[in-house]
Amino acid sequence: MEAVSSSGILPHGKVSGLNHQSFNQKSSMSCPQTRSFKSAHCYSSEGLKGSQLLNSIEKRNPVGQTFSSAGAYTYVGSAVESRTHAVEEKVGVLLLNLGGPETLHDVQPFLFNLFADPDIIRLPRLFQFLQRPLAQLISVIRAPKSKEGYAAIGGGSPLRKITDEQAHAIKAALEAKNMHVNVYVGMRYWYPFTEEAIEQIKKDKITRLVVLPLYPQFSISTTGSSIRVLESIFREDAYLSRLPVSIIQCWYQRQGYINSMADLIEEELQIFSKPKEVMIFFSAHGVPVSYVEDAGDPYRDQMEECIYLIMQELKARGISNKHTLAYQSRVGPVQWLKPYTDEVLVELGQKGVKSLLAVPVSFVSEHIETLEEIDMEYKHLALESGIENWGRVPALGCTSSFITDLADAVIEALPAAKAMTTQSTSKEFNMDPVSYAIKMFFGSILAFVLLLSPKMVSMFKNQLI
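Note that the structure is a prediction, hence the values are computed from the model and not measured.

Any details on the packing of helix H10 (residues 255-269) against helix H12 (residues 299-316)? Residues and values, ideally.
At a minimum axis separation of 9 Å, H10 and H12 run at an interaxial angle of 65°. Regarding H10 and H12, the two cross each other, and that crossing is right-handed. Residue-level contacts link Gln255, Tyr257, Ile258, Asn259, Met261, Ala262 and Ile265 of H10 to Cys306, Leu309, Ile310, Glu313 and Leu314 of H12. In terms of residue class, the contact of H10 with H12 is made up of nine nonpolar, two polar and one charged.

As C-alpha cells, then:
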C-alpha cells in the first residue's frame, strides 16, 4: 500500500462486523487451488443476496456477490434484460489502486483522504463523527516525515504514471486478443479518484464492466475499501445500478502471475555470484492482526499460499533456495502481522546469512514502499546487520507475461457480469433524534478522553519520531 510508509499509521481500532463464518461462505467455484492451504481463497457469497457479504465486513455500503469460474466476484441481482442486436456492446475495464501524492504539496491532503477512510482508521460507531477531524490531525502530524520519504524518491509517487502505463498495456493486450475495451484508472485516495473514473464510464455509455483491483491478494483495507466506494456510487445511480459488473477480487493464484513472479526472481538470482546460496526474502505489506483474527480478513492466508505457489514454481525450475516471508510497514500502537521485516533482517544477519534477495510480493508497481522503505531503509538495515550481498526483485509493472495474464483474467470474468442490486442497511438514519443527540454528547466527551489518553498521546509521539 502506497499509504502506509508515507502515513505512518493504519487502523488501531478493532475491526468489527466481520467474522470467519460470514466471510467463508464458499461456493463450488472458489479461486483455483493448487493444494488446500489454510482454506485461503477468494471468498464467495453464493447463496447470499444483496448487501449481505460486505455488510458482514461493515454495514456501511453493502454489496452482494457471487463467484465465477474466472476467479471473479459478480454482483448478485436480477439479470439485465436482453439487449437488441441494434445495441452496441461497449466493454469497460476499471483498474483500482490506492493512488499517491504526485508532488510534495499533495502529501498532506493525500494523507487526509487516507485517514478519512473508515476502513483505514476504524472508529467505534459512537465516534464516527470524529473521523474527519482525526484524519486532519494525523495527516498534519505525519506530513513532514512523509514528505521526507517522497523527497527521497524524487518528490512524489510514481504510482499514477505506472498505473496509466499498465492501463494502456492491458488495453493493447486485449485488442491483440480481438477484444476492444475502454480501460479506466480509479484511485482510492488521490487523482484520478474512483468517482472520476465512474463518471467517465457513464459518459462513455459502457454496457458491461470488469473491475480489476491491482492488489494480488484481497484485504479489507485495499480491495474491500474500493469495492464499498463503488457500491455506494452504483447504489444511488439508476444507470449504474443496471450495469452488468464483474469484480476480480483476487488473482494471486493465477498461473500467469505466479510464472511472472518466478521469472523475475530467477532473473535476479543470476546477478549474485553464488545464486544457490541466496535467501529469497518475501516482504509483504502488513495489516493489523485484528483484521485477520477478529474480522476474518483472508489476506494472511492468501499471502502464505501465494508464497507457496511461487516457490513451487521455482522448485519446478530447479531452484530450491531457502526463503522466508515477513511483513513490512507496521505502525501505531497495535500488533501487526508477524514476523516483522526489520526484525527478521537483523535475525538473518545474526544467523550468518550473507546474500539476500528481497521480493516485494504485495506490490505490482514501484512506489514509496519499494523505492524508499525497501531500497533504502531495509537495505541499509540488512547491510548493517551483516548481510553482504543485497538484491531486490522489481515490481511487475508492465512485464508482458503479467499484463497478458491480467488481460486473460478480464476475458474470463466478463461473461459472469451481472447487474448490481443493493439496498441501504444503515440504521444510523433511523435513530431517534433524542437518542442520537445523547450519544453525540457523551460520545464527544469520551472521544476527547480517548484522544488525550496516554496511549493516544504516545501514538502521536511515535508518529513524530
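Continuing now.
Describe in detail unusual backbone geometry, supporting the description with residues and values.
Cis peptide bonds are those with omega within 30 degrees of zero, and the linkage from Tyr191 to Pro192 qualifies with -10°. One can find Pro192 in the loop between strand E4 (181-187) and helix H7 (194-203). The linkage connecting Lys338 with the following residue, Pro339, adopts the cis geometry, with an omega of 0°. Here Pro339 is to be found in the loop between strand E8 (323-328) and helix H13 (341-350). The phi dihedral of Asn178 is positive, around 60°, even though this residue is not glycine. If you trace the backbone, Asn178 turns up in the loop between helix H6 (159-176) and E4. With phi around 55°, Lys205 is a residue other than glycine that occupies positive phi space. Relative to the assigned elements, Lys205 resides in the loop between H7 and strand E5 (208-213). Since its relative accessible area comes to 57%, Lys205 is described here as exposed.

I'd love a proper account of the pattern of salt bridges, names of residues and values included.
Inspection of the entire model under this criterion finds 18 salt bridges. The shortest N-O distance in the salt bridge between Glu231 and Arg235 comes to 3.3 Å. A residue pair is termed a helical-turn pair when its members lie 3 or 4 positions apart in one helix, as Glu231 and Arg235 do in helix H8 (residues 220-235) at four residues. A salt bridge links Glu266 to Arg317, with the nearest nitrogen and oxygen atoms 2.8 Å apart. Taken together, the residues span a long stretch of sequence, with Glu266 in helix H10 and Arg317 in the loop between H12 and E8 at a distance of 51 residues. You can call Arg317 partly exposed: its relative accessible area is 27%. Salt bridges sharing common partners tie together Asp263, Glu266, Glu313 and Arg317.

Kindly report on the nonpolar core, identifying the contributing residues and their values.
Core analysis: the biggest nonpolar cluster contains 81 residues, and Leu94, Phe234, Tyr257, Ile265, Phe282, Ile310 and Val361 have the highest contact counts within it. The contacts of Ile265, once residues within four sequence positions are left out, are Ile280, Phe282, Ile310, Leu314, Leu357, Val359 and Val393. Listed in part, the 24 residues of the second largest apolar core include Phe115, Tyr150, Tyr189 and Phe193.

For the side chain of His367, give the residues involved together with the corresponding values.
In this structure, His367 sits in the loop between strand E9 (355-360) and helix H14 (368-384). A residue is classified by how much of its surface remains accessible, and His367, at 3% relative accessible area, is buried.

Can you tell me about the sheet that holds E8, naming the residues and giving the values?
Taken in spatial order, the four strands make up an open sheet running E8-E7-E9-E10, and their pairing is parallel. Whereas interior strands pair on both sides, the edge strands pair on one side only; in this sheet they are E8 and strand E10 (389-392). Across the sheet, the mean angle separating the axes of adjacent strands is 25° when strand polarity is ignored. Examined bridge by bridge, strand E7 (residues 279-285) and E9 share five bridges and lie parallel to one another. Residue Phe281 lies in a different strand from E9, and its bridge partner there is Ala358. In this fold H12 packs onto E7 and E8, with an angle of close to 150° to the strand it touches most, E8.

Could you give an account of the packing of helix H5 (residues 131-152) against H14, with specific residues and numbers?
At a closest axis distance of 9 Å, the pairing of H5 and H14 adopts a crossing angle of 90°. Accordingly, the angle class assigned to the pair H5 and H14 is roughly perpendicular. Contacts from Gly149, Tyr150 and Ala152 of H5 reach H14 at Ile368, Glu372 and Met376. The residue makeup of the contact of H5 with H14, split by class, is four nonpolar, one polar and one charged.

Describe the pairing of E7, listing the residues and the values that go with them.
Extensive coverage of E7 is indicated by the burial of seven of its seven residues. With burial as the criterion, each face of E7 is covered, one bearing Met279, Phe281, Ser283 and His285 and the other bearing Ile280, Phe282 and Ala284. Where E7 meets E8, six bridges bridge the pair, whose relative direction is parallel. Bridging from a neighbouring strand, Ala284 pairs with Tyr327 of E8.

Residue-level account of H6, with values.
The end-to-end C-alpha distance of H6 is 25 Å, a good match for the 26 Å that 18 residues give at a rise of 1.5 Å each. Of the residues making up H6, those classed as buried are Leu159, Ile162, Thr163, Gln166, Ala167, Ile170, Ala173 and Leu174. The arc that holds every buried residue of H6, seen down its axis, measures 145°, which confines them to one face. Pointing more than 90 degrees away from the buried face of H6 are the exposed residues Lys161, His168 and Ala176.

Describe the environment of Asn259, naming the residues involved and giving the relevant values.
By the secondary structure assignment, Asn259 is in helix H10. Looking at Asn259, the relative accessible area reads 26%, which means it is partly exposed. Considering only alpha carbons, one finds Asn259 and Glu313, 54 residues apart in sequence, at a separation of 7.1 Å. The contact partners of Asn259, leaving out residues within four places of it in the chain, are Glu313 and Arg317.

Talk me through H14; I want residue IDs and the actual numbers.
The sharpest bend along H14 comes to roughly 35°, located at Ile374. Of the residues one or two after H14, Gly386 is the one with positive phi, at around 115°.

Criteria and thresholds
Residues numbered from 1 in each chain as written. Predicted model: local features only at pLDDT ≥ 70, side-chain atom pairs only at ≥ 80, totals over all residues. Heavy atoms only, no water. Axes fitted to C-alpha atoms, helices over the stretch in contact; angles between N-to-C directions. Helix = DSSP H or I, 4+ residues; strand = E, 2+ residues; numbered from the N terminus. Left-handed = near helix turned anticlockwise from the far one by under 90°. Contact = heavy atoms within 4.5 Å. Nonpolar A, V, L, I, M, F, W, Y, C, P; charged D, E, K, R; others polar. Buried < 20%, exposed > 50% of the residue type's maximum accessible area, 1.4 Å probe, protein only. Salt bridge = Lys/Arg side-chain N within 4 Å of Asp/Glu carboxyl O. Core = buried A, V, L, I, M, F, W, Y, C linked by side-chain atoms within 4.5 Å. Pairing = 2+ DSSP bridges. Parallel < 35°, antiparallel > 145°, perpendicular 65-115°, else oblique. Expected span 1.5 Å × (residues − 1). Arc of directions from axis to C-beta. Bend = angle between axes of the 7 residues up to and from the residue.

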